[in-house]
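Spelled out, the chains give:
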Amino acid sequence: MLTISPQALEYIKTRNQTIYLELPPLIDCCIHLQEAPVVRFGHPPNLAAYKSQNIDGITVYIPDDLPDIPLTIDLSSFFGYKQLVIEGWRLA
């Protein structure tokens, strides 16, 4: 289940764009490791590998292979630079 925090929702609405989650490559040696998805504005490069979902009025493209775990899109800010991040992801 994917949710969007109120701060992130406000920020996304100011940009007036869709967003998508991009999964980093899987690191597969002794154990399976995968970093948290990256939240990007716009449409994914390969729409066939995504499903679209409307969350709080925002169109979000979610990768088909995203694990079904509770995740939240949140807003992070550092010296005025704002970035959407994923909360609730486990590395392994």
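Look a little higher up for the structure.
What counts, and at which threshold
Residues numbered from 1 in each chain as written. Predicted model: local features only at pLDDT ≥ 70, side-chain atom pairs only at ≥ 80, totals over all residues. Heavy atoms only, no water. Buried < 20%, exposed > 50% of the residue type's maximum accessible area, 1.4 Å probe, protein only. Helix = DSSP H or I, 4+ residues; strand = E, 2+ residues; numbered from the N terminus. Arc of directions from axis to C-beta. Contact = heavy atoms within 4.5 Å. 1 Å grid on protein atoms, 1.4 Å probe; cavity = no way out; pocket = protein on both sides within 12 Å on 5 of 7 lines; lining within 4 Å. Points joined across faces, edges and corners; volume = space filled by probe spheres on them. Nonpolar A, V, L, I, M, F, W, Y, C, P; charged D, E, K, R; others polar. Pairing = 2+ DSSP bridges. Polar contact = N/O pair within 3.5 Å; in protein donor to acceptor, adjacent residues only side chain to side chain.

Some thoughts on helix α1 (residues 6-15)
Item 1. Turning to α1, its buried residues number three or more, namely Ala8, Leu9, Tyr11 and Ile12. The arc that holds the buried residues of α1, viewed along the axis, is 165 degrees, so those residues lie on one side. The exposed residues of α1 that point more than 90 degrees off its buried face are Pro6, Glu10 and Thr14.
Item 2. Tucked inside the fold, the buried residues of α1 contact β1 (2-4), β2 (19-22), β5 (38-41), β7 (58-63), β8 (71-78) and β9 (81-87).
Item 3. Within two residues after α1, Asn16 carries a phi angle of roughly 55 degrees, on the positive side.

Observations regarding the layout of surface pockets
Item 1. Space inside the largest pocket adds up to approximately 160 Å³.
Item 2. Taken together, Met1, Leu2, Lys51, Gln53, Ile62, Leu66, Pro67, Asp68, Ile69 and Leu71 make up the full set of residues lining the largest pocket.
Item 3. Tallied by class, residues from the lining of the largest pocket come to seven nonpolar, one polar and two charged.

Quick word on the pairing of β9
Item 1. As paired strands, β8 and β9 are joined by seven bridges and run antiparallel to one another. The residue of β9 that forms the bridge with Leu75 is Leu84.
Item 2. Between β8 and β9, which pair antiparallel and follow one another directly, the connecting turn spans two residues, one of which, Phe79, has a positive phi of 50 degrees.

A closer look at the side chain of Thr18
Item 1. Examined against the element boundaries, Thr18 turns out to sit in the loop between α1 and β2.
Item 2. Assessed through its relative accessible area of 17%, Thr18 is described here as buried.
Item 3. Within the structure, the side chain of Thr18 is placed 2.8 Å from the backbone oxygen of Gly42, a separation counted as a polar contact.

Honestly, that's just the spatial picture; any functional story needs more than this.
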